[in-house]
Amino acid sequence: MGSQNIDNKLKCYHCGDDCLGHPIVFNEKPFCCDGCKTVYSILNKSELCSYYDLNETPGISQKSGAYRKDKFAFLDLPEVQTKLIQFSDTQQVHVTFYLPQIHCSSCLWLLENLYKLENGVVSSIVNFGKKELFVIYNPQETTLRKVVETLANIGYEPHISLNHLDSKDLKIPNRSRLYKIGVAGFAFGNIMMMSVPEYLLGKGAELESDISLTIKVLIIALSIPLLFYSASEFFIGAWNGLKSKYLNIDAPIALALIVTYARSLYEVFSGTGSGYFDSLAGIVFFMLVGRWLQDRTYQSISFDRDFKSFFPIAVNLIKDGKSRPVTVDQLKAEDVIQIHSQELIPVDAILSKGQAVIDYSFVSGESAPVNIAKGELLYAGGKQIGGKIELIVVKEVAQSYLTNLWNKNSNKTYQKEKHHSVIDTISTYFTYIVFTIAFLAASYWYLQGESYLMWNALTTILIVACPCALLLSSNFTNGNILRILGFNQFYLKSPNLIEKISKISHIVFDKTGTLTQHRKSKVSYQGELLTQEEQTHIVEILSQSYHPATSAILDYLEMMPQGKVDHFKLTKGKGVEAWVDDCYYKIGSAEFVGVEKSDTKGSEVNISINGQLKGIFYISNVYRFGIFDLVKKLKDKYHLSLISGDNDTEAKVLSQYFKEDETLFFNQKPDDKLAYIAHLQKEPTAQVMMIGDGLNDAGALGQSDVGIAVTDSNNTFTPASDGIIHADMLSGLDKYLEYIKDGRRIVMVSFAVSVIYNVIGVYFAVQGILSPLIAAILMPSSSISIVLLTYGMSNWLAKHRGLRTTYLSGKRIER
């Protein structure tokens, strides 16, 4: 069409983006924008350019421009500092920042050299998994605001939200299970070591009495914290289950632990044996490790964010003609506030000054921005994509539209039913079978007049036939599956979801931001060839507009504005008109330009020069890579639906990939989405998965049996959900679902193996002849073999499905 095309586009030395034919050269290096050049110059001045040696183009694009001078002024407010700072005295201040931009080893190296960029920073430590930076600085030399500004200057602006103001206490990681594992591991190792002499002695041989007594005392001493501290969660879980009149898997395990401990104490004090303390310690240790593996993902990912994580912590209040920062929770009705470009509106308010172009996509799902006239109402949650505006507050944060939308969704009575896993069900039947065998064996020996053999059979059956192997197989399989899914940037909140996902029958997709790429459009042009001068004029005119359609056309033309536009006029919701070099341009809708609308579905921008239509730019969504191949693979195995808050301009495209009998809904409000999910769930066998990305999907994600939130690498907010998947990995969803089904099969296979061990053990136990030596060998070998089997099978099946089983090229995957 005559636009300039460059075969060998220069890549920005800092971020790797295309320089669009107009690179900014500094130190003989090309940059795509002044922002990237500025970051490089800062690092170069501080002799930190090794940042670029560790990874190629490791930086974050700075095209959004430098932050305004007073953007972080709110960090000088004492009430804000109190909430953010973890510790302070006259010499040190401790604070932790969330930096969503962290993604590679270059980031880690640079951030841990922060002291070279800001005097007063004592140290900075990166938690790569959580994308957090822990900073210690000297308050005599720098301030919280200066530290944040330094981070922003180098492209790592911390995410600070309203949620920080509501944090009552400092969140301290719960390490209690790690302490329990440590105690159990210490007890297990030492008890096994002290039991070895007795295993190696021949029949009838005994240790010297003093040595034997010392060993037994030490073993009992080690078993006390093992049972009453390390194993406490099994007793608590069993008790909670019994209070709810439900026999979960913790109940038979707790009973087996008590019987094992009681029998062991009896043997030691009666002098009839050395007990089963080694088996007891091994089982507790392995079961705790398995549960820890399951919980690692939940501890590193936030699944329960609410709308406050999306809101800014402060805003500029205008009073008596002066602007000053205040925290959002202090805003009152009739306050006048100032909102800048790309900032979120935290309250419902009326536009009083400026040109408001509001993006409501995250709240409503509608991708097209809304032009707001003076005096009209703006709703909380929208993002201003135009210039600076002033608003008059109508409702406080707690009463805003967004808050009410969230509360309505979170307070629904549609709470997901309590889920009892297949493991709990199997363990219930397993327990009844074990009790029956134990009762029959005890009754037999009682009738034979062998009271010793009766008690021996009763206790050893309960010890050997404990469903611990079932719990181990479940814990280690689920833990490894969660770990491998994490390597593939798919994070699940709970191991129970593995079973629920394996039963999914219907998948519902959101469109905007889920199937489509966020803030990206596909542009094509039809019409007369535009001259270089005409392209330049169009770029100069569209540069005056903040509409996303104009941004898409500007990216398509790959040109920078150079001249001046005369008599520019914007007509709300229609288009723009202007004079440039004595040429009259009208750019906008067909009605605005004065021509008939084309038959092509989708957004269009008509170009008229001096009253003559020159051509039309057609703008459509850009769908995520591989998304239509994913739909093709899923529709043969699941029922699919699409429900979107956006308009139906893409209906024709989408209908080609979904089945004829599958439902495509458009222009749907958040309540409509929730109601549709509830409607699907009325089918007795329906298990519904909802996949969405915005706050408008929060109710549907909560209502569904499994809610999965899609997030881009630059998105710092996801609605509360059961799982989070990186947008780049969404095309592999079919592989993840099949792998999760594999997990159930692994549990069943490993359980079958454990049953073989139990049969062998019960064979000896019913005869009342199971010796401690056999038990000591049988029970740990069962546990170890289950761990190796589940780990090996889950890894092999992951590779078979084409999933990563480790971090790619030794680097951590973005979270």
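Because the structure is predicted, anything quoted here is derived from the model rather than measured.

The rules we used
- Residues numbered from 1 in each chain as written.
- Predicted model: local features only at pLDDT ≥ 70, side-chain atom pairs only at ≥ 80, totals over all residues.
- Heavy atoms only, no water.
- Helix = DSSP H or I, 4+ residues; strand = E, 2+ residues; numbered from the N terminus.
- Buried < 20%, exposed > 50% of the residue type's maximum accessible area, 1.4 Å probe, protein only.
- Contact = heavy atoms within 4.5 Å.
- Areas by Shrake-Rupley, 256 points an atom, 1.4 Å probe, with all protein chains shown as cover.
- Phe/Tyr/Trp six-rings, centres within 6.5 Å; stacked < 30°, edge-to-face > 60°.
- Axes fitted to C-alpha atoms, helices over the stretch in contact; angles between N-to-C directions.
- Left-handed = near helix turned anticlockwise from the far one by under 90°.
- Nonpolar A, V, L, I, M, F, W, Y, C, P; charged D, E, K, R; others polar.
- Polar contact = N/O pair within 3.5 Å; in protein donor to acceptor, adjacent residues only side chain to side chain.
- Pairing = 2+ DSSP bridges.
- Core = buried A, V, L, I, M, F, W, Y, C linked by side-chain atoms within 4.5 Å.
- Patch = residues over 30% accessible without salt bridge, like charges linked within 9 Å, V, L, I, M, F, W, Y side chains within 5 Å.
- Salt bridge = Lys/Arg side-chain N within 4 Å of Asp/Glu carboxyl O.
- pLDDT = per-residue confidence, 0-100.
- Expected span 1.5 Å × (residues − 1).
- Lys, Arg positive; Asp, Glu negative; His and termini not counted.
- Charge placed at Lys NZ, Arg CZ, Asp CG, Glu CD.

## Remarks on the overall build of the protein
- Along the backbone of the protein there are 25 helices and 29 strands.
- For the protein, the proportion of its 815 residues judged to be buried stands at 52%.
- Partitioning the intrachain contacts of the protein with sequence separation of at least 6 by distance along the chain shows that 69% fall at a separation of at least 24.
- Counting only carbon and sulfur atoms, one obtains 54% of the accessible surface of the protein, whose full area is about 37,800 Å².

## Details of the packing of aromatic side chains
- Tallied over the entire structure, the rule returns 20 aromatic pairs.
- Where tyrosine 525 meets phenylalanine 617, the ring centres are 4.9 Å apart and the plane angle is 50°; that geometry is what we call tilted. Taken together, the positions of tyrosine 525 in strand E19 (residues 516-527) and phenylalanine 617 in strand E24 (residues 612-623) put the pair 92 residues apart, joining distant regions of the chain. When sorted by exposure, tyrosine 525 lands in the same class as phenylalanine 617, which is buried.

## Brief notes about the packing of helix H17 (residues 532-542) against helix H18 (residues 548-557)
- Where H17 meets H18, the closest approach of the two axes is 10 Å, and the angle between their N-to-C directions is 145°. The way H17 lies across H18 gives a crossing that is left-handed. Only Thr550, Ile553, Leu554 and Leu557 of H18 make contact with H17, whose side of the interface consists of Gln535, Ile538, Val539 and Leu542.
- In terms of residue class, the contact of H17 with H18 is made up of six nonpolar, two polar and no charged.

## As for the side chain of asparagine 621
- Counting through the fold element by element, asparagine 621 comes out in strand E24.
- A relative accessible area of 18% places asparagine 621 in the buried class.
- Within the local environment of asparagine 621, its side chain forms a polar contact with the side chain of lysine 511, the two groups lying 2.9 Å apart.
- Excluding anything up to four places from it in sequence, asparagine 621 contacts Lys511, Thr516, Lys522 and Glu650.

## Here we look at the sheet that holds strand E15 (residues 383-384)
- Pairing is antiparallel across the open sheet formed by four strands, whose spatial order is E10-E15-E12-E13. At either end of the open sheet lies a strand with only one pairing partner, and these are strand E10 (343-344) and strand E13 (370-372).
- Here strand E12 (residues 356-359) runs beside E13; their pairing, made up of three bridges, is antiparallel. Across the sheet, residue isoleucine 358 finds its bridge partner in E13, namely valine 370.

## A look at the pairing of strand E5 (residues 121-127)
- By the bridge criterion, six bridges tie E5 to strand E6 (residues 132-137) in an arrangement that is antiparallel. Opposite valine 121, over in E6, you have tyrosine 137 as the bridge partner.
- Between the end of E5 and the start of E6, which pair antiparallel, lie four residues, with lysine 131 showing a positive phi angle near 55°.

## Section: the side chain of glutamine 101
- Following the sequence through the fold, glutamine 101 ends up in the loop between strand E4 (93-98) and helix H4 (105-111).
- For glutamine 101, a relative accessible area of 16% translates into the label buried.
- There is a polar contact of 2.9 Å between the side chain of glutamine 101 and the backbone oxygen of glutamate 157.

## Quick word on the nonpolar core
- In this structure, Leu43, Phe74, Leu75, Phe97 and Val135 are the most contacted members of the largest nonpolar core, which totals 47 residues.
- The dominant element in this core, judged by the number of residues it contributes, is helix H5 (residues 144-153), at five residues.
- Those residues within four positions of valine 135 in sequence are excluded, and the remaining contacts are Val93, His94, Val95, Phe97, Leu114, Val121, Ser123, Ser124 and Val147.

## What about H17?
- With respect to burial, H17 is a largely interior element, nine of its 11 residues being buried.
- Turning to H17, its buried residues are Glu534, Gln535, Thr536, His537, Ile538, Val539, Glu540, Ile541 and Leu542.
- For H17, the elements touching its buried residues are H18, strand E20 (566-571), strand E21 (575-580), strand E22 (583-588), strand E23 (603-609) and E24.

## As for a nonpolar patch on the surface
- Where nonpolar side chains cluster on the molecular surface, the patch consists of Ile350, Leu377, Tyr379, Ile392 and Val394 and spans about 350 Å² of accessible area.
- Within the secondary structure, leucine 377 sits in strand E14 (residues 377-378).
- You can call leucine 377 partly exposed: its relative accessible area is 36%.

## What to know about unusual backbone geometry
- Unusually for a residue other than glycine, glutamate 28 sits at a positive phi of about 65°.
- On the secondary structure map, glutamate 28 appears in the loop between strand E1 (24-26) and strand E2 (29-31).
- Judged by its relative accessible area of 78%, glutamate 28 is exposed.
- Positive phi, close to 55°, is recorded for asparagine 667, a residue that is not glycine.
- Along the chain, asparagine 667 turns up in the loop between strand E26 (663-665) and helix H22 (670-680).

## Some words on the pattern of salt bridges
- Following the criterion strictly, the structure yields 17 salt bridges and no others.
- Two residues, lysine 673 and aspartate 510, come together in a salt bridge whose shortest N-O distance is 3.1 Å. Of this pair, lysine 673 sits in helix H22 while aspartate 510 sits in the loop between strand E18 (506-509) and E19, and the two are 163 residues apart along the sequence.
- Judged by relative accessible area, lysine 673 falls into the buried class, the value being 0%.
- For arginine 801, the salt bridge identified is with aspartate 742, shortest N-O distance 2.9 Å. Here arginine 801, found in the segment after helix H25 (772-800), pairs with aspartate 742, found in helix H24 (residues 733-765); they are 59 residues apart in sequence, far enough to count as distant.
- Because the salt bridges share partners, they merge into one network encompassing Asp76, Arg145 and Glu149.

## Observations concerning the confidence of the model for the protein
- For the protein, the average pLDDT comes to 80, and 82% of its residues sit at 70 or higher.
- By mean pLDDT, helix H12 (residues 401-410) is the weakest element of the protein at 60, and E18 is the strongest at 94.
- This model gives residues 411-415 a pLDDT under 50, and the stretch forms seven contacts once residues within four places in sequence are excluded.
- A low-confidence stretch, residues 808-815 (pLDDT under 50), is modelled with 22 contacts involving residues beyond four sequence positions or located in other chains.

## Quick notes on helix H8 (residues 232-243)
- The terminal C-alpha atoms of H8 lie 17 Å apart, and with 12 residues this matches the ideal 16 Å at 1.5 Å per residue to within 8%.
- Those residues of H8 that sit buried are Ser232, Glu233, Phe234, Gly237, Ala238 and Gly241.
- Where H8 terminates, the next one or two residues include lysine 245, which has phi positive at roughly 60°.

## So, the pairing of E18
- Burial along E18 is two-sided: His506 and Val508 facing one way and Ile507 and Phe509 facing the other are all buried.
- Note that E18 and strand E25 (residues 639-643) share four bridges and pair parallel. The residue bridging valine 508 from the neighbouring strand is serine 641, located in E25.
- Pairing between E18 and strand E27 (residues 688-692): four bridges, direction parallel. Residue pairing in the sheet places histidine 506 in a bridge with valine 688 of E27.

## Remarks on the environment of arginine 291
- By the secondary structure assignment, arginine 291 is in helix H10 (residues 277-300).
- For the pair arginine 291 and asparagine 478, spaced 187 residues apart in sequence, the C-alpha separation works out to 9.1 Å.

## A word on a negative patch on the surface
- Residues Glu533, Asp566, Asp581 and Asp582 make up a contiguous surface patch of negative charge.
- Taking relative accessible area as the criterion, aspartate 566 reaches 35% and is therefore assigned partly exposed.

## Considerations on the sheet that holds E5
- Taken in spatial order, the four strands line up as E3-E4-E6-E5 in an open sheet, and their pairing is antiparallel. This sheet does not close on itself; its edge strands, each paired only once, are strand E3 (85-88) and E5. Strand-to-strand twist in this sheet, taken as the mean axis angle between neighbours without regard to direction, amounts to 15°.
- Strands E4, E5 and E6 of the sheet are contacted by H5, whose axis makes an angle of about 35° with E4.

## A closer look at the environment of leucine 557
- Of note, leucine 557 is situated in helix H18.
- Given the relative accessible area of 0%, leucine 557 is considered buried.
- Between the C-alpha atoms of leucine 557 and valine 523, which are 34 residues apart in sequence, the distance is 9.7 Å.

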